[in-house]
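If you want the building blocks of each chain, they are given just below.
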Amino acid sequence: MEPQQRSPLLEVRGNIELKKPLIKAPSRLPLPGTRFKRGPDQMEDALEPEKKRTRGLDTVTKIATSQSRAPAITARTQTQNQITAPKVPKKTGPRCSTAIAMVLKNQKSGPAVPAQKPGAAPPMVGGRKPTKRPAWDLKGQLCDLNAELKCCRERTQTLAQENQQLQDQLREAQQQAKARGAECRTLEGELARVQAQAEQGQQELGSLRARVLELEEQQCTQEGLLRELQKEQLGLQEERRGLAARLEEQERRLQASEAALSGSQAEVASLRQEATGQAALLVEQGERLHGLEMERRRLHNQLQELKGNIRVFCRVRPVLPGEPTPPPSFLLFPSGPGGPADPPTRLSVSRCDERRGTLSGAPAPATRHDFSFDRVFPPGSRQDEVFEEIAMLVQSALDGYPVCIFAYGQTGSGKTFTMEGGPGRDPQVEGLIPRALRHLFSVAQELGGQGWTYSFVASYVEIYNETVRDLLATGPRKGQGGECEIRRAGPGSEELTVTNARYVPVSCEKEVEALLHLAHQNRAVARTSQNERSSRSHSVFQLQISGEHTGRGLQCGASLNLVDLAGSERLDPSLALGPGERDRLRETQAINSSLSTLGLVIMALSNKESHIPYRNSKLTYLLQNSLGGSAKMLMFVNISPLEENVSESLNSLRFASKVQLPPGPGPVRTPGCL
């Protein structure tokens, strides 16, 4: 429902009753040239009293008029015809806030005019007391009221316009405040970023300061190093000048060397030509040397054959301490055909038989037995003299011709001393075996310079009662003889070997000495009436020699046999044999049988018989390849210097005389070098 309209008169009366003295408030618009100095929040606080004042005016207007919605009228001063202040151009920033705050302050500080009570006298105008219309002059009063109402409406309109302008300015100020707030927040963010950058810059500044300190230290170090390098540079400059001087000297020397080199090159070319000629000459000399070596071997073999492929030497041992001295006429050594300077080759033994006598009863004169051999060694002969005589024969084994050397004689005649030497390993009393091995090793080393390569394999066996035993056996096989048999090396082969015997490669004298010591311990010995330590077996030391000349495709092989025969004494049939002597009897029978077979074989070879009885004895069967053909054989017959052993000495000398051949060429075989 629409509100009931009131009569103009009642509205005027209400306005008169409620009318208050209007006081003109100072203008709240910002002055020209001023700027807001407050923020948005402060500006809102400054506008708060204006809002309250506006609400109060709205209440008064509602009472005065029912239709009009105009803003409330504020009391003004008596100067009502004053025109509102002109529009101030829009300002931004703090000056706007300052102007709003000043308007609100002036509004608060303005004195309030109390409203007139009804029936009061009209205010004075121009210092004069207004003329009060009489109560009956209603028309005049109405005119006054209409005039006043018109004036109030004009003022209201003016205030509304001013209010609208202020609201526009407020909205503009709020927008500017929002913009400034956003700008402030942006500036705060920028400030935070700048502060973070500043902190980071401070950190970087600290790092840079530390880096500067470090660089300063490095600079100091580098400066010190620079000073040292400068000093070193000075030294190097001095050295460079010295080297430059040396270089000049070296260049001069180089030029001289180049000149000498040119001469040397010419000389080298000449020497190369000469070397080529020397090489050709060397080849020629090698061929000639080889031809001479082969000629030497041929002549050496021819010389040995002229001396006899079967030779017999006689050696008389010296009288040992404790033995009786024989009479001077018992053994005589006549001089050779060339006089006393020639080595003796004859021996004369004097024998007195006490059972024979003359018719007058006087003892019969002594019977003298003369023997002639290839060489006779008196009791004073040394071991080196004996070996010197057979050294050429040992050389034949290295040239490829089999060689066999026997030591024959009764027990105690010095056979083992001749072959192995005396006790104590005294070099002066070394026997034929160690001396022969030393000689072979030495000559083989010399021939190595001509392209020859030699290898040596040694074995040492004994034949005891026609049983072959290995003297180099060790361990459980030591002393066992039944396992060794003499067999051919292979089908169709002429080479003989002893089964289950040790064949030891040797290359030096110490290895040979060790083998001789072991064989000496294993050899069968027994005590006899002739010798406290008597050899009761034949010992055979065999050395297989193999030579090769790879450059010419030549090979040679031969064996060196050094045999220490058992004692050759005869048994006395008149002696009674006890149980212990029967073994000695069997040993003696086996020894004499083998020695007899050896004599028969040598005699058959001397007579060039068609059948040689090698198989009649293990000894001759083992040595058959070293006895016939172009083999060289030497027998040492050893005799005792004592007169009591004259019977056995004569038997030995007679046995040796049977096997001796006259000097001259013997059986010839193809030379050992193939």
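Just above sits the structure.
Now for a description of the structure that goes with this document. (Residues numbered from 1 in each chain as written. Predicted model: local features only at pLDDT ≥ 70, side-chain atom pairs only at ≥ 80, totals over all residues. Heavy atoms only, no water.)

## Observations regarding the overall build of the chain
Here is step 1 of the chain: In terms of helices and strands, the chain carries 11 helices and 16 strands.
Here is step 2 of the chain: Across the 674 residues that make up the chain, the buried fraction comes to 36%.
Here is step 3 of the chain: Excluding contacts between residues fewer than 6 apart, the proportion of contacts in the chain whose partners are at least 24 apart in sequence is 73%. (Helix = DSSP H or I, 4+ residues; strand = E, 2+ residues; numbered from the N terminus. Buried < 20%, exposed > 50% of the residue type's maximum accessible area, 1.4 Å probe, protein only. Contact = heavy atoms within 4.5 Å.)

## A few points about the side chain of Arg315
Here is step 1 of the chain: With respect to the secondary-structure elements, Arg315 resides in strand β1 (residues 310-316).
Here is step 2 of the chain: The side chain of Arg315 sits in the buried core without any salt bridge; Glu385 is the nearest counter-charge, 7.9 Å away.
Here is step 3 of the chain: The contact partners of Arg315, leaving out residues within four places of it in the chain, are Phe377, Ser381, Arg382, Gln383, Val386, Phe417, Thr418, Val637, Asn638 and Ile639. (Lys, Arg positive; Asp, Glu negative; His and termini not counted. Salt bridge = Lys/Arg side-chain N within 4 Å of Asp/Glu carboxyl O.)

## Some thoughts on the packing of aromatic side chains
Here is step 1 of the chain: According to the stated counting rule, one finds 8 aromatic pairs in the structure shown.
Here is step 2 of the chain: Between Phe441 and Phe456, the ring centres sit 5.1 Å apart and the planes meet at 80°, which makes this aromatic pair edge-to-face. A residue pair is termed long-range when its members are at least 10 positions apart, and Phe441 in helix α7 (residues 432-448) and Phe456 in strand β7 (residues 452-464) qualify at 15 residues.
Here is step 3 of the chain: For the ring pair Trp452 and Tyr454, a centre distance of 6.1 Å and an interplane angle of 25° mean the geometry is stacked. Each of the two residues, Trp452 as well as Tyr454, counts as buried.
Here is step 4 of the chain: In textbook terms, an aromatic cluster arises when at least three aromatic residues are bridged by ring pairs, as seen for Phe313, Phe377 and Phe636. (Phe/Tyr/Trp six-rings, centres within 6.5 Å; stacked < 30°, edge-to-face > 60°.)

## What to know about the nonpolar core
Here is step 1 of the chain: With 50 residues, the main nonpolar core has Phe406, Leu627 and Leu653 as its most contacted residues.
Here is step 2 of the chain: Looking at which element gives the most residues to this core, the answer is helix α9 (residues 579-606), with 7 residues.
Here is step 3 of the chain: Those residues in contact with Leu653 that lie beyond four places of it in its chain are Cys314, Leu347, Val349, Phe371, Phe373, Val637 and Ile639.
Here is step 4 of the chain: Leu447, Val512, Leu515 and Leu560 belong to the second largest nonpolar core, which has 46 residues in total. (Core = buried A, V, L, I, M, F, W, Y, C linked by side-chain atoms within 4.5 Å.)

## Quick look at the environment of Asp564
Here is step 1 of the chain: In this structure, Asp564 sits in strand β15 (residues 554-564).
Here is step 2 of the chain: Asp564 has contacts with Ala407, Lys415, Thr416, Met419, Arg523, Ser537, His538 and Ser539, leaving out every residue within four places of it along the chain.
Here is step 3 of the chain: Within the structure, Asp564 has its side chain in polar contact with the side chain of Thr416 (distance 2.7 Å). (Polar contact = N/O pair within 3.5 Å; in protein donor to acceptor, adjacent residues only side chain to side chain.)

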